[in-house]
Amino acid sequence: MEPVPVEGETVPGVPRLRASYVLDAEGAWIAQARHLAAEFLGRARTEDGLPVPDRVVEITQLVVSELVTNARKYAPGPVGLDLRVFGDAVEVVVHDANPEAPRPLNSDPGRVGQHGLEIVMAVAEALHVRQKAGGKSITARIALSA
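Residues numbered from 1 in each chain as written. Predicted model: local features only at pLDDT ≥ 70, side-chain atom pairs only at ≥ 80, totals over all residues. Heavy atoms only, no water.

(A) Representation of the pairing of strand β5 (residues 126-132). Examined bridge by bridge, β5 and strand β6 (residues 135-143) share seven bridges and lie antiparallel to one another. Its bridge partner lying in β6, Val 129 is registered against Ile 138. Hairpin connection from β5 to β6: two residues lie between these consecutive antiparallel strands, with Gly 134 at a positive phi of about 80°. (Pairing = 2+ DSSP bridges. Helix = DSSP H or I, 4+ residues; strand = E, 2+ residues; numbered from the N terminus.)

This is the structure:
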């Protein structure tokens, strides 16, 4: 699982920093994805000089964990993870092979589990689902000032 970093210029619509990963190995996908997110934001700090608060790293890891868990649970095959810094935010994009859009469940404090999408919606600045042939991508935007 090798990162494919692509550094963009500071141009509108072009990420300042981006990395893409394919999570296809058996085992600890979620832990690997959380580690990749922390490593990516660490590079944003050191290589790009971007001020990334520890709280943003924690929120990003939480979002990555929840979205990758859902993809692993509900979609067959590998999961794609894209991490991008756009201006004042980091975007987490998870691609999977299930074309069905996720739907948050009605709030139920007695329910055990299945709160991942609710959590992501609570901590992300925006959440967008894009359905496409052969699957979907889910993008969560997290403000760097979070």
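On we go.
(B) Region of the structure containing the pattern of salt bridges. Going through the model one piece at a time under the given rule, you end up with nine salt bridges. For Glu 91, the salt bridge goes to Arg 84, with nearest N and O atoms at 2.7 Å. Lys 136 serves as the salt-bridge partner of Asp 96, at 2.9 Å between the closest nitrogen and oxygen. Of the two residues, Asp 96 sits in strand β4 (residues 89-96) while Lys 136 sits in strand β6, which places them 40 residues apart along the sequence. For Lys 136, a relative accessible area of 5% translates into the label buried. Look at the salt bridges and you will find they share partners, linking Arg 84, Asp 88, Glu 91, Glu 125 and Arg 141 into a network. (Salt bridge = Lys/Arg side-chain N within 4 Å of Asp/Glu carboxyl O. Buried < 20%, exposed > 50% of the residue type's maximum accessible area, 1.4 Å probe, protein only.)

Shape is all these values report; function is a separate question.
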